[in-house]
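Chain by chain, the residues run as shown.
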Amino acid sequence: MKPLKQILLISLLLLTAACDDDDEPEAVAPLEAQIANDIPANPQPPGPPTGALPDYTLFSFETGAIVADSDSTTTNWDIGLSGLSIIVNGGVSGPGSTEAQILTGLFDELTTAPENGYASDTAEGTAIPTGSGNGWYNYNLNGNNVVTPIPGRVIVIRTNDGNYAKFEILNYYKGNPDVTTAEFIDFNTRPPGRYYTFKYVYQPNGSRDF
Amino acid sequence: MKKKLVSLLVCIFIVSQGFSQLSTGTIKGRILDMNKNPLPGAVIKLENSVTGTVSDANGHYMLDKVPTGKQKVFFNFLGFQEVGKKILVQQGINELSDVILNEEIRSLDQVVITATRTETNIENVPVPLQIISKEEIRNIGATRLNEVLLEQTGLLIDSDHGTGLQIQGFAADYALILIDGEPVIGRTAGTLDLSRIAVNNIERIEIVKGPTSSLYGSEAMAGVVNIITKRNLSPFSVGLQSRYRTNNTLDFNSSVASLGDKLGVEMNLDYLRSDGYDLTPNTISNTAPEFNAYTIQPKISYKFNQRTNLAVSARYYHEEQENRQEINDEQESFIVNDQGLRKDYAINTDLTHTFNARHKLRLRNYFTKYETESELNYQNDGTLYNFNFFDQSFNRTELQYDAAISATQSATLGAGFFVEEVEATRYENVNQFTASYAFAQYQWAPLEKFNIVAGARFDQHSEYSSQLSPKLAVQYRFNEKLKVQASAGAGYKAPDFRQLLLNFTNPVVGYSVFGSSVVREGIRRLEAEGRVDQILIDPDNINEIKAESSWSFNLGWEWNPLAGKDFRVKANLFRNNINDLIETAPVVRKTNGQNVFSYFNFDEVITQGVEAEMHYRPLNNLSFSLGYQYLDTRDVEMLNELKNGKIFASGENGTFRLDRSDYRGLFNRSRHSGNIKVNYHLKKLNMDFSVRGIYTGEFGVADTNVNGVYDAYDLTADDNLLWNGSIQKYFRKGLALEAGVRNMLDRRNQHVPTMPGRILFGGFSYQFSKQ
């Protein structure tokens, strides 16, 4: 069924491309998922917890890179990460108009961003809620004080420019480790936390298609 | 007067028969038991006739006026298998060879109490029932209750916060444990640790499966385990027992009892100590800590007259534990010494008055208290790191009236009230709850083959919604070979103290949990302190918490296909629909971004399966049994989510969707479990041999992919086959020696911390009774 569908789709595309002579055939470069590795989210120095939050690491999906702190009052960044909390550049968190929502599903199956349902950060709460089991993670996995992303949670972002991005958080620990190994469970050999690894797709053309 | 009349009639009948049939003879002989001891009082009867007699003190009998020719004679004695003999009767004296009667395994006189709260013949109990005799406990070589229950079909031992009991797929929270009909209190995270209960002083254990809240109220949702302590019947008796096991485990037990015409006094002492053991040597703490524990159980009974009896019994348990722990506080780790103290005591006063054979009244008061203390001190300087305590008390007064309405109908009515008190580190103040209840039960046998038990109980509690628990059970005996029973009933479990009272804020992460009785107050306090960011559920709209409740159905049969052979097959199908399971949900988001949780009723769980047992005793001194349980459990909402494609897991190749076949049910439940047992008595040497294999199938340990369900990709504990064996040698004068091995193959499983490796044991016992 699937290959058939694909063939149909491709022929349809070819057909439309062949017919619409007037339109400049747009380069439909397939969007490839990118991985952001070990984005530090205000990691703690060794020693007793200082409680000094929030110092957000800012990230831009367009550039796929960390944005300098000095740009925090600009619209150059989309999301900010600090510990377990994620802010968007909008509402009470930033000067932009970024909005987000969490969806349940598979990253690859989300081929179109929803039209509605986005929210920005408000005084009542962030668009991407914090708290174990509320949003994207569970804490205290089996009494081992581990933060684990809930599988099947995809966060969709509408950026300041009105472009869409989707991302799935894969890991909260440095080096994207397997969290089921005995080595990881043992507190003494566990890599430090507050290092996000996530998979993302950024659609620069303003459409909702991924 | 009646008796005389009957015998007169019988005589007339016999005489008249004698007249009508002139040709008669006399038969005589002797009736013995398996050990060739005479059986006095055995009944000898002719087939299709009222002619009969009874054996004398030496087992001799003589039956006159037996018509000559072919006859069939039946020999009967209560608790023994009937024997029928075809004979050819001639005129004069016919001397028959000795008749030997074998004891019936299912002795007809076995009376049980737990299923109906009244003494009922086991044959008439229409619900799934299991009896563990003191002989079986002795053969197991057990010192604690968990070791006994582990070997029973359909009972699984849980290793979460002590050794708990799973019945029909329910977690340990849902089994009610009674000692002589009174509840044992003191649960940790829902588990009542069975290793607190010594088994040396037990007459038998009765286990009723299926909801019994109609008689016992809360906690009797999965079933009831009632421990019947030994009752002394001889004027004077003394018992001593000692046993030594691997891990430097020593058990010592002594009892002394005296019974007079009016006054009976008993005392039982038990001491158990162990070095503990460690299944994970790379960690600092021992899997099982070093401990010593003693139990004191005095009992006094006084008979005012033939009708009025008073019994006062008490129990005191004291246990000290020592262990070490590694504590991980965010960035640093250190070692603390862990000292634990656990004690419970109970006083049970029981006054019974029998008005006449038809009316009986029983007034009971039961007071019990459970206390724990845990002290953690830094290993390096001995200063205090943490101290926790938990004190719970329970006082109950209950009146029960039993009435025999007619030969086929009886009723039981009861009412009572109790006061519970709890004070603990994570609860504020001393909390007191009160409750009252009433129950009624009606037993009716409209036909010899058919009987019904119907009952209901109403509970009213100060902290949660009232509860009505009805139950109906029926039994039909098609013939001597087959009986079928069916029952439907409601069960419930009260919210526990955590769910009502917890007031806890995690010092490291900052989330809070409030029990349902304190959540409003807690949120107001946070609001006043300006720490509330967003209210998710308005505290004024939080409904009163309900008890968790269930509806359960049991359908069982017992089949005894081979006449004259002790071969039995028993099976029971069960289904439990559990509603309003209590889970946490966020109510408030705090300004620190963390949530305040409280407890709500929302989950729905189903457990179902079948339990089957086969017993076969080919010889008097050899018996086999096989047991098996198939168990299917499911969380209804989670399973629907999964069917709707909303549950995912992540693996090496990223996140993927789970389907129905990936669902494994509830965590910590074995789909398959069973046992095989062989017992042999070697007559020549007066020795017992016993070998038992206990199988527990694999079960889910942890939701490693945190998707909220137990699926094929989660952490699973391997299945286990334990082989246990023991030998007893009996000497004259009440002396016995025992030796045995538990876990012969030295199986270890880090997910079953209550199962040590191979354990060798040996011991002796001495019992003296003055007749």
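Residues numbered from 1 in each chain as written. Chains lettered and ligands numbered in written order. Predicted model: local features only at pLDDT ≥ 70, side-chain atom pairs only at ≥ 80, totals over all residues.

This part covers the environment of Leu178 of chain B. If you trace the backbone, Leu178 of chain B turns up in strand E14 (residues 175-179). Considered as a pair, Leu178 of chain B and Glu206 of chain B are 28 residues apart in the sequence and their alpha carbons are 9.7 Å apart. (Helix = DSSP H or I, 4+ residues; strand = E, 2+ residues; numbered from the N terminus.)

What follows covers the nonpolar core. With 61 residues, the main nonpolar core has Val148, Leu149, Leu165, Ala175, Val199 and Val225 of chain B as its most contacted residues. Dropping the residues within four chain positions of it, Leu165 of chain B is found in contact with Leu149, Leu155, Ile157, Asp158, Ala172, Ala175, Leu194 and Val225 of chain B. Counting 42 residues, the second-largest nonpolar core is a separate cluster that includes Ala41, Val67, Tyr200 and Phe210 of chain A. (Core = buried A, V, L, I, M, F, W, Y, C linked by C-beta atoms within 7 Å. Buried ≥ 20, exposed ≤ 12 C-beta atoms within 10 Å, placed from the backbone. Contact = placed C-beta atoms within 7 Å.)

What follows deals with unusual backbone geometry. Residues and elements named next belong to chain B. The backbone of Arg117 sits at a positive phi, close to 65 degrees, despite the residue not being glycine. Mapped onto the elements, Arg117 comes out in the loop between strand E9 (111-112) and strand E10 (120-121). Exposure remark for Arg117: the 21 C-beta atoms within 10 Å place this residue in the buried category. The phi torsion at Asp580 lies on the positive side, around 60 degrees, for a residue other than glycine. Turning to its location among the elements, Asp580 is positioned in strand E35 (residues 566-590).

Residue pairs three or four apart in sequence face the same way in an α-helix, which turns once every 3.6 residues. Residues and elements named next belong to chain B. Turning to helix H6 (residues 519-528), its buried residues are Val519, Gly522, Ile523 and Leu526. Mapping the buried residues of H6 onto a view down its axis gives an arc of 95 degrees, with all of them on the same face. Along H6, the residues that are exposed and aim more than 90 degrees away from the buried face are Arg524 and Ala528. Of the residues one or two after H6, Gly530 is the one with positive phi, at around 70 degrees. (Arc of directions from axis to C-beta.)

Residues and elements named next belong to chain A. Mean pLDDT for chain A: 82, with 79% of residues reaching 70 or above. Here helix H1 (residues 2-19) stands out as the element of chain A with the lowest mean pLDDT, 51, in contrast to strand E9 (residues 153-158), whose mean of 96 is the highest. Across residues 12-22, where pLDDT falls below 50, the model places one contact with residues more than four positions away in sequence or in other chains. Below a pLDDT of 50 lies the segment residues 46-52, which in the model reaches seven contacts outside its immediate sequence neighbourhood of four places, other chains included. (pLDDT = per-residue confidence, 0-100.)

With that settled, the discussion passes to the sheet that holds strand E5 (residues 85-88) of chain A. Within a beta sheet, neighbouring strands are joined by backbone hydrogen bonds and run either parallel or antiparallel to one another. Residues and elements named next belong to chain A. One open sheet holds the four strands; their spatial order is E3-E2-E4-E5, and the pairing between them is antiparallel. Edge strands, defined here as strands with exactly one partner in the open sheet, are strand E3 (65-67) and E5. When the angles between neighbouring strand axes are averaged without regard to direction, this sheet yields 35 degrees. When strand E2 (residues 57-60) meets E3, the two strands line up antiparallel, connected through three bridges. Bridge pairing in E3 links Ser60 to Ala65. (Pairing = 2+ DSSP bridges. Axes fitted to C-alpha atoms, helices over the stretch in contact; angles between N-to-C directions.)

Residues and elements named next belong to chain A. Ordered by their spatial adjacency, five strands build an open sheet running E1-E11-E10-E9-E6, and the pairing between neighbours is antiparallel. Every other strand in the sheet has two partners, leaving strand E1 (34-40) and strand E6 (99-104) as the edge strands with one partner each. Each adjacent strand pair in this sheet contributes to an overall mean axis angle of 30 degrees, direction not counted. Direction of pairing for E6 relative to E9: antiparallel, over a ladder of six bridges. Directly across from Leu103, in E9, lies its bridge partner Val154.

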